Amino acid sequence: MIVCLCYGVSDRQICQLADEGACTVDQVTARCGAGGDCGSCRKTIAELVGDAAEAADQIKAA
Ligand code: FES
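All of the points below concern the structure found in this document. (Residues numbered from 1 in each chain as written. Predicted model: local features only at pLDDT ≥ 70, side-chain atom pairs only at ≥ 80, totals over all residues. Heavy atoms only, no water.)

1. Side note on the nonpolar core
Across soluble globular proteins, nonpolar side chains show a tendency to be buried alongside one another.
Next up, step 1: Of all hydrophobic cores here, the largest spans 14 residues; its most connected members are Ile14, Val28, Ala34 and Ile45.
Next up, step 2: Counting residues per element, the ones that place at least two in this core are β1 (2–4), α1 (11–19), α2 (25–32) and α3 (42–49). (Core = buried A, V, L, I, M, F, W, Y, C linked by side-chain atoms within 4.5 Å. Buried < 20%, exposed > 50% of the residue type's maximum accessible area, 1.4 Å probe, protein only. Helix = DSSP H or I, 4+ residues; strand = E, 2+ residues; numbered from the N terminus.)

Put into structure tokens, the structure is as follows:
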């Protein structure tokens, strides 16, 4: 499933990055760009990598 439409990044790619040590949305963005454009996918990325702080921010912003 594509999580980030702006960069065409899938949940599998993000889980792979999480396995390689990316544990925040910003770290995922730095590695593949996902989350760095419109930002609408950041909540899903946060859930995939277990970034609780970012997920809380996204819930507050909603
Ligand atoms: S959908 Fe991921 S930055 Fe736009």
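Further notes follow.
2. A look at the packing of α3 against helix α4 (residues 52–61)
Next up, step 1: At a minimum axis distance of 8 Å, the contact between α3 and α4 shows a crossing angle of 150°. By the criterion of interaxial angle, the relationship of α3 to α4 is roughly antiparallel. Read as a crossing pair, α3 and α4 show a hand that is left-handed. Counted together, Arg42, Lys43 and Ala46 of α3 and Glu54, Ala55, Gln58 and Ile59 of α4 form the full contact between these two elements. (Axes fitted to C-alpha atoms, helices over the stretch in contact; angles between N-to-C directions. Parallel < 35°, antiparallel > 145°, perpendicular 65-115°, else oblique. Left-handed = near helix turned anticlockwise from the far one by under 90°. Contact = heavy atoms within 4.5 Å.)

3. Remarks on the environment of Asp26
Next up, step 1: With respect to the helices, strands and loops of the structure, Asp26 is situated in helix α2.
Next up, step 2: Separated by 17 residues in sequence, Asp26 and Lys43 place their C-alpha atoms 12 Å apart.

4. Regarding the pattern of salt bridges
Next up, step 1: Considering all chains together, one arrives at 4 salt bridges under this definition.
Next up, step 2: For Arg42, the salt bridge identified is with Asp26, shortest N-O distance 3.0 Å. Of the two residues, Arg42 is situated in helix α3 and Asp26 in helix α2; the sequence distance between them amounts to 16 residues.
Next up, step 3: The exposure class of Arg42 is buried, given its relative accessible area of 16%.
Next up, step 4: In this structure, Glu47 and Lys43 form a salt bridge, with 2.7 Å as the shortest nitrogen-oxygen distance. Of this pair, Glu47 and Lys43 both sit in helix α3, 4 residues apart, which is roughly one turn of that helix.
Next up, step 5: Residue Lys43 is classed as partly exposed on the basis of its relative accessible area, which comes to 34%. (Salt bridge = Lys/Arg side-chain N within 4 Å of Asp/Glu carboxyl O.)

It is worth stressing that arrangement in space is one thing and function is another; only the former is reported here.
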